[in-house]
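Chain residues, written in single-letter form:
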Amino acid sequence: MRNFDGDSDPGETQEWLDALDASVRAGGKQRGLYLLKKLEEQAQHLGIIAHVQPYSAYRNTIPLEEQGAYPGDLDVEERITSIMRWNALAMVVRANQAYGDLGGHIASYASAAEIFEVGFNHFFRAGNATQGADLVFFQPHSAPGVYARAFLEGRLREEQLANYRQEVGGRGLSSYPHPWLMPDFWQFPTGSMGIGPISAIYQARFMRYVEHRGIASMGDRHVWGVFGDGEMDEPESIAALTLASREKLDNLTFIINCNLQRLDGPVRGNGQIIQELESLFIGAGWNVIKVLWGSDWDPLFARDTHHVLLRQLAATVDGQYQTLGANDGAYNQSHFFGLDPELRALVAHMTLGEIDALKRGGHDFRKLYAALRAARAHRDGPTVVLAKTKKGYGMGGVGESRMTSHQQKKLDLDALKVFRDRFGLALTDDALAEMRFYALPENSRELAYLRERRAALGGHLPVRHDAAAPVGIPPLDGYARFALEAAGHEMSTTTAVVRLIGNLLKDPALGPRVVPIVADEARTFGMANLFRQIGIYSPVGQLYEPEDAASMLRYREAKDGQLLEEGITEAGALSSWVAAATAYSVHGVAMLPFYIYYSMFGFQRVGDLIWAAADQRSRGFLLGATAGRTTLGGEGLQHQDGSSHLVASTIPNCRAYDPAFAYELAVIVDHGARQMMERQDDVFYYITVMNENYPQPSLPAGAADDIVSGMYRLQSTAVPGEAAAARLLGSGAILREVVAAAAMLRDDWQVTSEVWSVTSFSELAREAREVERANRLQPASSPRKSHVEGCLAGTAPIIAATDYVRAYPQLIASYVGGRFVALGTDGFGRSDTRAALRGFFENDRRHVVVATLHALSRQGSLPAATVAAAVERYEIDAAAVAPWTH
Ligand SMILES: Cc1ncc(C[n+]2csc(CCOP(=O)(O)OP(=O)(O)O)c2C)c(N)n1
Ligand SMILES: [Mg+2]
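Attention in this report is confined to the structure presented alongside it. (Residues numbered from 1 in each chain as written. Chains lettered and ligands numbered in written order. Predicted model: local features only at pLDDT ≥ 70, side-chain atom pairs only at ≥ 80, totals over all residues. Heavy atoms only, no water.)

### So, the overall build of the protein
Scanning the protein for helices and strands turns up 35 helices and 20 strands. The C-alpha atoms of the protein give 32 Å as radius of gyration, which agrees with the globular expectation for 886 residues (29 Å, within 12%). Across its three principal axes, the protein shows a C-alpha extent of roughly 105 × 70 × 60 Å. The buried share among the 886 residues of the protein stands at 58%. Across the protein, contacts joining residues at least 24 apart in sequence account for 77% of those joining residues at least 6 apart. Put simply, the protein shows about 34,900 Å² of open surface, and 51% of that area lies on carbon and sulfur atoms. Here the protein contributes 85 positive and 103 negative side-chain charges, whose respective centroids are spaced 3 Å apart. (Helix = DSSP H or I, 4+ residues; strand = E, 2+ residues; numbered from the N terminus. Rg over C-alpha atoms; globule rule 2.2 N^0.38 Å. Buried < 20%, exposed > 50% of the residue type's maximum accessible area, 1.4 Å probe, protein only. Contact = heavy atoms within 4.5 Å. Areas by Shrake-Rupley, 256 points an atom, 1.4 Å probe, with all protein chains shown as cover. Lys, Arg positive; Asp, Glu negative; His and termini not counted. Charge placed at Lys NZ, Arg CZ, Asp CG, Glu CD.)

### What about the coordination of the magnesium ion (ligand 2)?
Within the protein, D229 (OD), N259 (OD1) and Q261 (O) serve as the donor atoms for the magnesium ion (ligand 2), at 2.0 to 2.1 Å. As a motif over one chain, the donors of the magnesium ion (ligand 2) read D-x29-N-x1-Q. One end of the pair, D229, is in the loop between β2 (223-228) and α7 (235-239); the other, N259, is in the loop between β3 (252-258) and α9 (273-283), and 30 residues separate them in sequence. You can call D229 buried: its relative accessible area is 2%. A relative accessible area of 4% places N259 in the buried class. (Donors = N, O, S within 2.8 Å, 3.2 Å for Na, K, Ca; no water.)

### Observations regarding the sheet that holds strand β19 (residues 798-801)
Taken in spatial order, the five strands of this open sheet run β16-β18-β17-β19-β20, and their pairing is mixed. Bordering the open sheet on either side are β16 (711-716) and β20 (820-823), each of which pairs with just one other strand. Recorded for the sheet is a direction-independent mean angle of 25° between the axes of neighbouring strands. Of the pairings in the sheet, the one linking β16 to strand β18 (residues 753-758) comprises five bridges and is antiparallel in character. Looking across to β18, one finds that R713 is bridged to W756. (Pairing = 2+ DSSP bridges. Axes fitted to C-alpha atoms, helices over the stretch in contact; angles between N-to-C directions.)

### Considering the site of ligand 1
Taken together, 18 residues sit near ligand 1, with S108, Q139, H141, D229 and K391 positioned nearest. Contact distances for ligand 1 include 2.8 Å between an oxygen atom and a side-chain N or O atom of H141. The backbone of G230 places a nitrogen or oxygen atom 2.8 Å from an oxygen atom of ligand 1. If ligand 1 stood free it would expose 590 Å²; the protein chains cover 75% of that surface. Tallied by class, residues from the shell around ligand 1 come to two nonpolar, eleven polar and five charged. (Near = heavy atom within 4 Å. Polar contact = N/O pair within 3.5 Å; in protein donor to acceptor, adjacent residues only side chain to side chain. Nonpolar A, V, L, I, M, F, W, Y, C, P; charged D, E, K, R; others polar.)

### Focus on the packing of helix α3 (residues 107-123) against helix α16 (residues 365-377)
It is the contact of α3 with α16, at a shortest axis distance of 10 Å, that shows an interaxial angle of 55°. Viewed along their axes, α3 and α16 adopt a mutual orientation that is oblique. Judged by the twist between their axes, the crossing of α3 over α16 is right-handed. Residue-level inspection shows E114, I115, E117, V118, G119, H122 and F123 of α3 in contact with α16, the latter providing F365, L368, Y369, L372 and R373. Its residues assigned to classes, the contact of α3 with α16 shows seven nonpolar, two polar and three charged. (Parallel < 35°, antiparallel > 145°, perpendicular 65-115°, else oblique. Left-handed = near helix turned anticlockwise from the far one by under 90°.)

### With respect to the sheet that holds strand β4 (residues 287-291)
The strand order across the open sheet formed by five strands is β1-β2-β3-β5-β4, and the pairing between neighbours is parallel. Because the sheet does not close on itself, it has two edges, and the strands there are β1 (135-137) and β4. When strand polarity is set aside, the average angle formed by the axes of neighbouring strands in this sheet is 15°. Across six bridges, β2 lies against β3 in parallel orientation. Within β3, the residue paired with F227 across the bridge is I256. Lying on the sheet, α9 is in contact with β3, β4 and β5 (383-388); it crosses β4 at an angle near 165°.

### Concerning the nonpolar core
Counting residues in hydrophobic clusters, the biggest one holds 112 residues, and the most contacted among them are F621, L729 and L792. Leave out the neighbours within four places in its chain, and L729 touches M711, V738, W756, V758, F761, L792, I798, I799, A800, A801 and I812. Counting residues in hydrophobic clusters, the runner-up holds 90 residues, among them M207, V223, I274 and W297. (Core = buried A, V, L, I, M, F, W, Y, C linked by side-chain atoms within 4.5 Å.)

### Regarding the pattern of salt bridges
Any two side chains of opposite charge can pair, so long as their charged atoms come close to each other. For the structure on display, the rule yields 46 salt bridges. Between R268 and D233 there is a salt bridge, with its nearest N and O atoms 2.7 Å apart. Of the two residues, R268 sits in the loop between β3 and α9 while D233 sits in the loop between β2 and α7, which places them 35 residues apart along the sequence. Salt-bridge contacts for D747 lead to R746; the nearest nitrogen and oxygen are separated by 2.8 Å. Take D747: its relative accessible area is 47%, and that puts it in the partly exposed class. (Salt bridge = Lys/Arg side-chain N within 4 Å of Asp/Glu carboxyl O.)

### Some remarks on helix α12 (residues 318-326)
Of all the positions in α12, only D318, Y321, Q322, L324 and G325 are classed as buried. Seen from one end, α12 has its buried residues packed into an arc of 160°, which puts them on one side. On its buried face, α12 is in contact with α9, α11 (308-315), α13 (329-335) and β5. (Arc of directions from axis to C-beta.)

### Quick notes on the environment of Y70
Relative to the helices and strands, Y70 resides in the loop between α1 (10-45) and α2 (74-99). In the structure, Y70 is positioned 295 residues away from F365 in sequence and 8.1 Å away in space, judged by C-alpha atoms. When residues no more than four places from it in sequence are discounted, the contact partners of Y70 are E77, V118, H122, F365, R366 and Y369. At a separation of 2.6 Å, a polar atom in the side chain of Y70 contacts the side chain of E77.

### A few points about α2
The terminal C-alpha atoms of α2 lie 37 Å apart, and with 26 residues this matches the ideal 38 Å at 1.5 Å per residue to within 8%. By the N-cap criterion, in which a side-chain oxygen at the helix start approaches the backbone nitrogen of a residue two or three places on, α2 is capped by D73, the distance to D75 being 3.1 Å. Remark: G100 follows α2 within two positions and exhibits a positive phi of approximately 85°. (Expected span 1.5 Å × (residues − 1).)

### Brief notes about a negative patch on the surface
On the surface, D9, E12, E15, D18 and D21 cluster together into a negatively charged patch. Here D9 is to be found in the segment before α1. (Patch = residues over 30% accessible without salt bridge, like charges linked within 9 Å, V, L, I, M, F, W, Y side chains within 5 Å.)

### Brief notes about the packing of aromatic side chains
Enumeration according to the criterion identifies 49 aromatic pairs in this entry. Centre to centre, the rings of Y657 and Y685 are 6.1 Å apart; their planes meet at 10°, and the pair counts as stacked. You can see Y657 sitting in strand β13 (residues 654-657) and its partner Y685 sitting in strand β14 (residues 684-688), a full 28 residues away along the chain. On the basis of relative accessibility, which here comes to 0%, the residue Y685 falls in the buried class. When the ring centre of F482 is taken as reference, the NZ or CZ atom of R499 above it lies at 4.1 Å. (Phe/Tyr/Trp six-rings, centres within 6.5 Å; stacked < 30°, edge-to-face > 60°. Lys NZ or Arg CZ within 6 Å of the ring centre and 35° of its normal.)

### Description of unusual backbone geometry
Following L461, the chain continues to P462 via a peptide bond in cis, the omega torsion being -10°. For P462, the location among the structural elements is in the loop between α19 (445-456) and α20 (476-479). In this structure, D520 takes a positive phi of about 60° despite not being glycine. The topology assignment puts D520 in the loop between β7 (514-518) and α23 (528-534). The backbone of E875 shows a phi angle near 55°, a positive value even though the residue is not glycine. With respect to the element layout, E875 can be found in the segment after α35 (864-873). The class for E875 is exposed, based on a relative accessible area of 69%.

### Re the side chain of E247
Take E247: it is sitting in the loop between α8 (241-246) and β3. Classification of E247 as buried rests on a relative accessible area of 12%. At 3.0 Å, the side chain of E247 forms a polar contact with the side chain of R205. In contact with E247, not counting residues within four places along its chain, are R205, R208, Y537 and P539.

### Some thoughts on the environment of P144
Along the chain, P144 turns up in helix α4 (residues 143-152). Distance from P144 to P516, taken between C-alpha atoms, is 38 Å for residues 372 residues apart in sequence. Not counting chain neighbours up to four residues away, the residues in contact with P144 comprise A88, M91, V92, H105 and Y164.

Next comes the structure, spelled out in structure tokens:
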């Protein structure tokens with residue numbers, strides 16, 4: 001025997017191997033396993049290894065003997081799959097031939113077709129009378145394959161396929177899975193890599209939560225996620241793997257399409273992504289099933305008694321596998337099998353054509369079926385199926401295992417002919433040239449099979465539902481009385497919102513549907529009382545005596561706990577929030593999640609997850625706490641948020657508010673809860689709450705509607721009946737600076753002003769934009785006026801101060817008359833007292849006064865000397881450099 005891999009004594013090695021073989025023959029696999037464990041212990045004792053490599057040989061996990069029979073009709077399934085391949089390809093090529101650069105991908109679905117088809121024909125279940133559907137996350141750029149199937153099933157029309165990626169006007173199909181754009185079809189947006197995997201895990205987890213809390217039964221519904229091997233590099237893809245095993249989520253299966261390539265080239269050219277992923281998942285506690293080689297390899301492995309083949313497979317890096325994949329049988333014979341005489345002998349009986357046709361496991365229905373069945377049957381933990389495939393499988397010289405496979409979207413006639421012949425498609429040259437879609441004849445065996453399989457699995461997939469029963473919200477003046485009638489009582493808006501949630505939790509109808517979520521900040525926000533009151537969700541309850549068992553606020557974990565304490569993972573907490581916020585659709589049960597977090601770690605940290613939440617029509621509250629760049633005093637540059645409201649304003653279905661007072665907050669929460677739970681609008685709310693304690697006034701009569709619209713007049717220092725000289729706008733905690741400034745203007749400079757509390761510049765701007773557009777496009781109709789125009793008519797200057805960057809209040813600048821001056825917190829935050837920070841960022845009362853005087857002097861209402869006098873009087877350092885420069 002050769003010295004293949006540094007073996008210094010092959011004879012001795014063989015003796016050990018023979019001994020193991022003999023033991024397994026005599027005592028069975030368990031005996032073999034026992035011996036290996038003992039050897040491993042001994043090896044650790046001798047210090048040879050610290051721990052064993054967590055990966056297995058480069059072969060299929062499920063041995064042939066355990067594979068079992070295939071329950072489907074392989075011939076029919078092959079034919080159907082070929083047709084899917086063609087229609088998916090035609091869809092993309094047509095979109096690009098006719099319209100230039102609409103994009104789209106062929107090679108990914110080409111590699112995933114068998115994975116999808118085994119799922120669709122045998123595993124992915126639609127809902128029935130007794131339980132809901134499985135949740136399936138589809139690899140986004142394989143969407144054409146899902147459309148191709150829906151077309152064959154008669155769910156999509158030819159015209160829709162022909163308009164792939166032409167969505168304007170509602171004719172065509174989304175590039176990727178987008179529930180916002182195809183609300184009856186797609187459930188989960190996966191187009192941004194990494195979001196699918198983390199979301200799938202938290203959806204599977206939330207199903208357990210819902211069941212353990214007795215809200216709905218999940219039966220044996222399963223979550224399937226088909227993801228790319230390149231995608232697994234995203235932090236989000238792997239961030240929650242241990243949660244899935246820790247909570248024993250055996251309702252979850254990942255299928256990773258290991259085509260060894262991503263967009264630019266190999267995922268691990270100089271290594272093996274499959275082995276790497278295997279180690280990762282095993283380390284994270286998952287059940288791993290590798291599907292590497294197709295059935296035609298089985299006889300080769302059976303004859304590979306000395307494991308030359310296995311060793312050669314193990315020694316081949318992915319970059320080389322790709323090259324082997326791109327080349328023909330002759331190349332594979334000389335560059336792989338020819339590397340070793342014993343290996344060459346193993347395939348000596350095969351023609352070059354047969355060698356060329358050797359399939360990877362991810363293209364073999366039987367191997368995939370066995371793996372998915374084992375995954376489905378696995379108990380007490382999640383499973384990952386690592387399916388080895390070829391990118392661009394069947395695309396031949398233009399795309400199979402090519403570096404450029406991912407970008408290939410135009411095929412010439414010759415390439416199409418090769419494709420047709422490769423898959424035995426009954427298409428004429430004309431049909432090829434015209435890229436005609438292939439519809440199954442009504443009386444065909446294939447169509448009957450397709451329908452029969454889906455009927456057996458409950459019906460079509462994917463389907464998105466939207467039919468949950470509304471949930472009533474209790475009367476505002478009951479649960480929020482403390483806020484509406486605060487009468488000067490001191491509290492922060494964070495305290496107020498926590499009290500509101502606490503009160504809503506007590507409502508018999510709504511209470512059980514409320515899902516409070518934190519990322520290790522419950523104590524920060526004063527929510528520790530909820531630990532005991534509603535319990536922290538844990539699938540195993542509490543296996544220890546908590547240190548604070550005697551305390552009123554004890555740390556109580558419970559199987560039916562209601563609070564989701566996610567630990568320090570904003571991505572995880574947000575994914576949990578999405579699972580709850582889409583429960584109305586995914587489970588037909590409306591839930592109302594409140595995820596409360598450090599506002600800086602929301603839109604900034606996990607903004608893309610929020611964007612995906614918006615796409616999937618999430619309904620719930622995001623609470624950006626300890627908000628405001630100067631209001632969160634001590635925490636400094638990475639904690640002080642000055643931008644979240646600007647980002648929130650860019651999300652069409654996000655309604656964002658920066659309330660100053662507890663009553664504003666209560667009115668907004670109430671309105672939001674009704675809009676989402678009673679009216680069932682597809683919106684979600686973002687509300688910033690602060691940790692600054694101050695006296696809370698009571699709700700002024702008649703203000704509620706305007707609070708929701710975005711602004712209302714809080715006070716005026718003008719003589720009744722006369723216009724004020726200036727309008728002062730404030731939001732959040734900075735409103736109090738503005739109120740103080742109005743008094744200084746009156747007392748120090750005899751300037752009258754109005755003070756407006758702006759609860760949402762983004763809502764004001766949104767409505768004003770709408771009105772402006774309507775007036776522009778329908779000039780013949782009588783012009784409408786927006787709320788902000790109505791409030792701020794006239795030409796007196798407007799000074800707006802917030803705790804956010806100036807661009808936030810400037811959202812309304814173009815809709816109002818009068819000079820508009822914005823004060824805010826542009827620049828890097830830093831730690832100091834609130835007063836020092838407001839002085840530094842120039843959004844305190846003194847600066848509001850100076851800005852007002854300056855605006856009045858510019859319009860000639862005051863001498864310029866007054867401005868200078870104010871700068872001096874308030875000891876403002878006029879020579880200081882601007883805050884955003886340092
Ligand atoms: C967050 C994010 N970054 C980049 C992309 C662009 N992108 C789309 S597909 C892709 C490559 C995917 O490779 P892989 O996951 O291996 O899937 P395959 O197509 O090979 O099956 C990239 C980079 C994206 N969609 N999302
Ligand atoms: Mg890939």
